[in-house]
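# Report on the structure
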Amino acid sequence: MTGAPVASRPEAAPPPPRQEDPGLRHRLAERGIDRNLLLILPAIVFIVGLFIYPFLYGLGLSFQPKEGGGPFADYERFFTDPYQRNTIWKTLGLAIPAALLNVLASVPIAYRMRGRFRGKRLLTIVLVVPITLGTVLTAEGLLNFLGPAGWFNRTLLEIGLVDEPIRLINNYWGVFFSLIITGFPFAFLLISSYLSGIDPSLERAAATMGAGWWDRFRHITLPLLTPGLATTFCLTFVLAFSVFPSAILVGEPAGETRVISIAAYQAAYEQYDYPMASTIAMVMGAVELIVIAAVLVWRSRFYTGTTGGKG
Amino acid sequence: MKGQDQFATLTLRGVGRRFGATDALKNLDLEIGKGEFIALLGPSGCGKSTALNCLAGLLPLTAGSIWLDDTRVDVLPPERRGFGMVFQNYALFPHMSVRRNVAFGLRMRRLAKSEVTRRTEEAIQLVQLQEHADKLPGQLSGGQQQRVAIARAVVLEPSLVLMDEPLSNLDAKLRLEMRTEIRRLHQSLGLTTVYVTHDQEEALSLADRLVVLRAGEVQQIGTPEDLHNRPANWHVADFMGYRNLLRLTAGDKVGDGVRVEGSGLSLVATAVGGVPPGTPVLTAVRPEDLVVTGGTGAAAPNRIGATVEVVEYQGRELAVEARTADGVLLHVRSEQRLAPGDEVTLDVAVDRLLAFPEDDGDVAEEASTLDGVPAMSGRESAG
């Protein structure tokens, strides 16, 4: 940078060597500190403004209970009241099975859909479209399809399998189905991309060594995919854990599906108790972190290095 | 699988593979005897890797059949053929240690634990990786990974080992070392091997027999000596290091040879294939067969005068580019010290100068990319 003007004035004497300046800059650059670092500034502004500050504000708020009684009074109230405390188990009872099912159902489908075949694009679209629907549309569809007068129950009644409609909405199952419909495409896309990152010649090599398809999957693909499965589980779990609209629309928000986000909503907008709402939000975050930490500890037991593919 | 371990002949009958409308491999007939080392040789896109994948069972045939003696194997999936394969990128399982990589095939055969351990250790010893046995492939150098890949293939004592350009990812020095290693392994284990490469030197030094492919078709099958000294057509010659390919015109017979003329040259060559008088021929000669003489001595039948243009130092020898008065560019190797601008006289023996008929329709297009030929094509109307 300093050399350019010198080159344009050939008659000028060469500048005296400046040892410190380039030396320091060079040392900093070796540690990754240079002007390119400024590129992450916008991201830092966003993270501080939209995540760290609101988070710390909420954390502070949760220690200032509206009804007094010390900084931890709201936490105490939450955990001593079974009606509040049980929302944790209700939410986990929805989110963990839903996330597990999403991941486990995606694996065989994504595995089967590797490589090229006719109609792959169409099939992918069909599998992924639900991600664009949104919770409300999904809920409406579920009401029409699985409701007491919906096609599903009418069909069961017609062929005489049941005597009265099975209750599949406005309870646990309604929310569960909704979480599967919105969560599956997400898990499928993630797992597909993890699978495409595994070098296909590994399975070919295993085949030439006498491994049938199940052994190839079990010994080669699955171990290499496991870290990706853990990550996918975490992400779909977080999505499912913050379930709110479908818990109200197709669930039973006063009972079976009174999930933790409903508790937080009621505290904030029905009782106008912001400190309590913040407390519930903090508890919600802590539970998510505990589950994610447990999954990541489990994941660290597996090989997490390169998988040789394009990923 | 037991029966396949001992076989006398592996036979490929009219093996072909189409991709859409193009033939990647056409009508490959080949008999491989037990213990033979066969190299499939050709430029990229010639169908050699296709042939290997067809043999391994990774690619279904679209024509022909493959037989181990009287057993048809092309209908079997790869895991039931009992062949070992070394992949170009090694395809080591990244999450398994060297030991577990080598043991994998044995475990898949549900062998007793003690036998798996014994044979695994033997194979690791064979490729001298004892001290690296517990490392993951990612912690090994390219050459060591290569050895794991080989150990993993030979530990199963397969009836056939397939190698897909196994040395192409190594640097020059390591490549030579591993080449010797592969040859040594083949000599000590006697495993029937099919080896794919685009490197003629590698193929010549390793193989008992070579199969030269071009555009999916077999050009020639023969021993290294056959291919080196008697290429069947000019494509093979071009590929086997006949760097000087001159487009000349055939003349009358002279003794055992045939006169070839054009571009100010008049030489006596050995005809390979029919070259009736008046037809265009491609005359091929290796750089090392163009001998630099002082222009003295007995009058040789083929004497060419040229001026040195470029000299490259290559240790014991010099690689020289020289041009004749009529503009024909010649590649020469010389032990004499030459400098650009030197006038040299080149002699070539009749049996070292091969005249091939221009066989294909696409010859003009392809020949124009050959060394020396463009300089001549401009002068063709004059000659």
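Being a predicted model, the structure only gives us computed values, none of them experimental. (Residues numbered from 1 in each chain as written. Chains lettered and ligands numbered in written order. Predicted model: local features only at pLDDT ≥ 70, side-chain atom pairs only at ≥ 80, totals over all residues. Heavy atoms only, no water.)

## Let's talk about the overall build of chain A
Our working rule: Counting from the N terminus, the helices are DSSP H or I runs at least four residues long and the strands are E runs at least two residues long. Exposure is judged per residue with a 1.4 Å probe applied to protein chains only, and the accessible area is read against the type maximum: over 50% gives exposed, under 20% gives buried, and values in between give partly exposed. Asp and Glu count as negative and Lys and Arg as positive, but His and the ends of the chain are not part of the count. Working definition for charges: the position is that of NZ of Lys, CZ of Arg, CG of Asp or CD of Glu.
Tallying secondary structure elements over chain A gives 15 helices and zero strands in all. In terms of overall dimensions, chain A has a C-alpha envelope of 100 × 70 × 35 Å along the principal axes. Burial statistics for chain A: of 311 residues in total, 38% are counted as buried. When the 25 basic and 21 acidic side-chain charges of chain A are each reduced to a single mean position, those positions are 12 Å apart.

## Focus: the overall build of chain B
Defined as follows: Reported accessibility uses the Shrake-Rupley method at a 1.4 Å probe radius. Residues are deemed covered only where the shown protein chains occlude them.
A tally of helices and strands in chain B yields eleven helices and 20 strands. Seen along its three principal axes, the alpha-carbon backbone of chain B occupies a region of about 75 × 45 × 35 Å. Relative to its 383 residues, chain B shows a buried fraction of 52%. Put simply, chain B shows about 16,800 Å² of open surface, and 48% of that area lies on carbon and sulfur atoms. Of the charged side chains in chain B, 41 are positive and 51 negative, and the gap between their average positions amounts to 9 Å.

## Let's talk about the domain arrangement of chain B
Short version of the rule: Residue ranges for the domains originate in an automatic or database domain assignment.
Domain boundaries assigned for chain B yield domain 1 (2–229) and domain 2 (242–377). Taken over C-alpha atoms, the centre of domain 1 of chain B sits 38 Å from the centre of domain 2 of chain B.

## Quick notes on the nonpolar core
Inclusion rule: In plain words, nonpolar cores are sets of buried Ala, Val, Leu, Ile, Met, Phe, Trp, Tyr and Cys residues tied together by side-chain atoms within 4.5 Å. Contacts are assigned to residue pairs that have any heavy atoms within 4.5 Å of one another.
Core analysis: the biggest nonpolar cluster contains 150 residues, and B:Leu10, B:Leu12, B:Phe93, B:Phe104, B:Leu162 and B:Val194 have the highest contact counts within it. Sorting elements by how many residues they give to this core places helix α12 (residues 213–241) of chain A first, with eleven residues. Aside from chain neighbours lying at most four places away, what touches B:Phe104 is A:Ala206, A:Met209, A:Ala211, A:His219, A:Ile220, B:Phe93 and B:Met96. If you look at the next biggest cluster of nonpolar residues, it comprises 28 residues, including B:Val292, B:Leu318, B:Val332 and B:Val344.

## Let's talk about the interface of chain B and chain A
Convention followed: Once two parts are brought into contact, the accessible area they lose, counted with a 1.4 Å probe and summed over both, makes up the buried area. What makes a salt bridge here is a side-chain nitrogen of Lys or Arg within 4 Å of a carboxyl oxygen of Asp or Glu, nothing more. Classification convention: Asp, Glu, Lys, Arg as charged; Ala, Val, Leu, Ile, Met, Phe, Trp, Tyr, Cys, Pro as nonpolar; all other residues, Gly among them, as polar.
Counting residues at the interface gives 23 residues for chain B, matched by 22 residues for chain A. Together, the buried faces of chain B and chain A total about 1,800 Å²; carbon and sulfur atoms form 70% of this surface. Joining chain B to chain A, the criterion identifies two salt bridges. Residue A:Asp215 pairs with B:Arg110 through a salt bridge whose shortest N-O separation is 3.0 Å. Those elements that provide at least two residues to the side of chain B that touches chain A are β6 (83–86) and α3 (98–108) of chain B. No other element matches the five residues that α3(B) contributes to the side of chain B that touches chain A. Split into classes, the residues belonging to the side of chain B that touches chain A amount to 15 nonpolar, four polar and four charged.

## Quick notes on unusual backbone geometry
Leaving glycine out, the prevailing phi sign among residues is negative, and the prevailing peptide bond configuration is trans. All names here are of chain B. Located in the positive-phi region is Tyr-90, a residue other than glycine, with phi close to 70°. With respect to the helices and strands, Tyr-90 occurs in the loop between β6 and α3. What makes Tyr-90 buried here is its relative accessible area of 5%. The phi angle at Ala-215 is positive, at roughly 50°, despite the residue not being glycine.

## Some remarks on the pattern of salt bridges
A complete count under the given rule lists 29 salt bridges over all chains for this structure. Residues joined by salt bridges that share partners form a network here, namely A:Glu67, A:Asp74, A:Arg77 and A:Asp273.

## Some remarks on the sheet that holds strand β18 (residues 329–334) of chain B
Residues and elements named next belong to chain B. The line we're drawing: In this scheme, strands are said to pair when DSSP sees at least two bridges between them. Axis definition: a line fitted to C-alpha atoms, limited for helices to the stretch in contact. Angles are taken between N-to-C directions and run from 0 to 180 degrees.
With antiparallel pairing, five strands are arranged side by side in an open sheet as β15-β19-β16-β17-β18. Unpaired on one side and paired on the other, β15 (291–293) and β18 mark the two borders of the sheet. Averaged over all neighbouring strand pairs, the angle between strand axes comes to 50°, with direction disregarded. With three bridges joining them, β15 and strand β19 (residues 343–347) adopt antiparallel strand pairing. Each bridged residue has a counterpart across the sheet, and for Val-291 the counterpart in β19 is Asp-347.

## Focus: the environment of A:Asn102
All names here are of chain A. Tracing the chain through its elements places Asn-102 in helix α5 (residues 82–112). Spatially, the C-alpha atoms of Asn-102 and Ile-181 are 8.9 Å apart, while their sequence positions differ by 79 residues. If sequence neighbours within four positions are ignored, Asn-102 has contacts with Leu-179, Ile-180, Gly-183, Phe-184 and Ala-187.

## Examining helix α3 (residues 41–62) of chain A
All names here are of chain A. Definition in use: The span one expects for a helix is its residue count, reduced by one, times 1.5 Å. To get the bend at a given residue, fit one axis to the seven residues ending there, fit another to the seven starting there, and take the angle between those axes.
Compared with an ideal rise of 1.5 Å per residue, which puts 22 residues at 32 Å, α3 spans 30 Å between its outermost C-alpha atoms and is within 8% of the ideal. Of all the bends in α3, the largest measures some 40° and sits at Val-48. When α3 is considered as a whole, its buried residues turn out to be Gly-58, Leu-61 and Ser-62. Contacts from the buried residues of α3 go to α4 (73–80) and α15 (274–299).

## Side note on the sheet that holds strand β8 (residues 193–197) of chain B
By way of backbone hydrogen bonds, the strands of a sheet pair with one another, either parallel or antiparallel. Residue and element names in this part refer to chain B. Strand order in this open sheet of six strands is β6-β7-β8-β3-β9-β10, and the pairing throughout is mixed. Every interior strand has two partners, whereas the edge strands, β6 and β10 (217–222), have only one. Strand after strand, the sheet turns through a mean of 20° between neighbouring axes, direction not considered. Across four bridges, the pairing between β6 and strand β7 (residues 160–164) is parallel. The residue bridging Gly-84 from the neighbouring strand is Val-161, located in β7. Across the sheet, helix α2 (residues 48–56) lies against β3 (37–41), β6, β7, β8 and β9 (209–214), angled at about 145° from β7, the strand it touches most. Lying over the sheet, helix α6 (residues 172–189) contacts β3, β7 and β8, oriented at roughly 145° with respect to β3.

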